[in-house]
Amino acid sequence: MKKFIVCYTLDNDIKREKIIKGPDVKKEDVLKDVLDKIVRSNYFIAKTDQGEYRINSSLIRYIQVLNEMHCFKYHTDHQ
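The notes below deal with the structure included here. Here the structure is a predicted model, which is why all the values come from computation and not from measurement.

Cut-offs and rules
Residues numbered from 1 in each chain as written. Predicted model: local features only at pLDDT ≥ 70, side-chain atom pairs only at ≥ 80, totals over all residues. Heavy atoms only, no water. Core = buried A, V, L, I, M, F, W, Y, C linked by side-chain atoms within 4.5 Å. Buried < 20%, exposed > 50% of the residue type's maximum accessible area, 1.4 Å probe, protein only. Contact = heavy atoms within 4.5 Å. Pairing = 2+ DSSP bridges. Helix = DSSP H or I, 4+ residues; strand = E, 2+ residues; numbered from the N terminus. Axes fitted to C-alpha atoms, helices over the stretch in contact; angles between N-to-C directions. Expected span 1.5 Å × (residues − 1). Arc of directions from axis to C-beta.

### Observations concerning the nonpolar core
Stage number 1. In this structure, Val-6, Tyr-8, Val-30, Val-34 and Ile-60 are the most contacted members of the largest nonpolar core, which totals 15 residues.
Stage number 2. Apart from the residues lying within four places of it in its own chain, the contact partners of Val-34 are Val-6, Tyr-8, Ile-19 and Ile-63.

### Quick word on the sheet that holds strand S5 (residues 60-67)
Stage number 1. Strand order in the open sheet formed by 3 strands is S2-S1-S5, and the pairing between neighbours is antiparallel. Every interior strand has two partners, whereas the edge strands, strand S2 (14-21) and S5, have only one. The mean angle between the axes of side-by-side strands here comes to 20°, regardless of whether they run parallel or antiparallel.
Stage number 2. The sheet contact formed by strand S1 (residues 2-10) and S5 spans 7 bridges and is antiparallel. Among the inter-strand pairings, Ile-5 is bridged to a residue of S5, identified as Leu-66.
Stage number 3. In the packing of helix H1 (residues 27-40) onto the sheet, the strands contacted are S1, S2 and S5, and the crossing angle to S5 comes to about 150°.

### Remarks on the pairing of strand S4 (residues 51-56)
Stage number 1. Relative to S4, strand S3 (residues 43-48) runs antiparallel, the two sharing 6 bridges. Bridge pairing links Phe-44 to Ile-55 in S4.
Stage number 2. In textbook terms, the turn of a hairpin is the stretch between consecutive antiparallel strands, and for S3 and S4 this stretch comprises 2 residues.

### A closer look at H1
Stage number 1. The first and last C-alpha atoms of H1 sit 20 Å apart over 14 residues, in line with the 20 Å expected at 1.5 Å per residue.
Stage number 2. Within H1, burial applies to Val-30, Val-34, Lys-37 and Ile-38. For H1, the angular spread of buried residues about the axis comes to 100°, placing them on one side. Exposed positions of H1 whose direction lies more than 90 degrees from the buried face are Glu-28, Lys-32, Val-39 and Arg-40.
Stage number 3. Against S1, S2, S3 and S5 lie the buried residues of H1.

Now the structure itself:
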């Protein structure tokens, strides 16, 4: 499974939504799905870190799709 982060820049805010897709899905496919969702409805629900957020499609000014990067912290034991 691949994880993507979709950033919606609104008139006065930025919302980030995590989306999980199949292993063969590309960023362009996710962007197409998001654009289709925006064109079909005036409002849609984005699942953000703060919970679900209702987005008015007419307030969206910019959309960016990113691959989620995993950051690992390396710990060293001091003995």
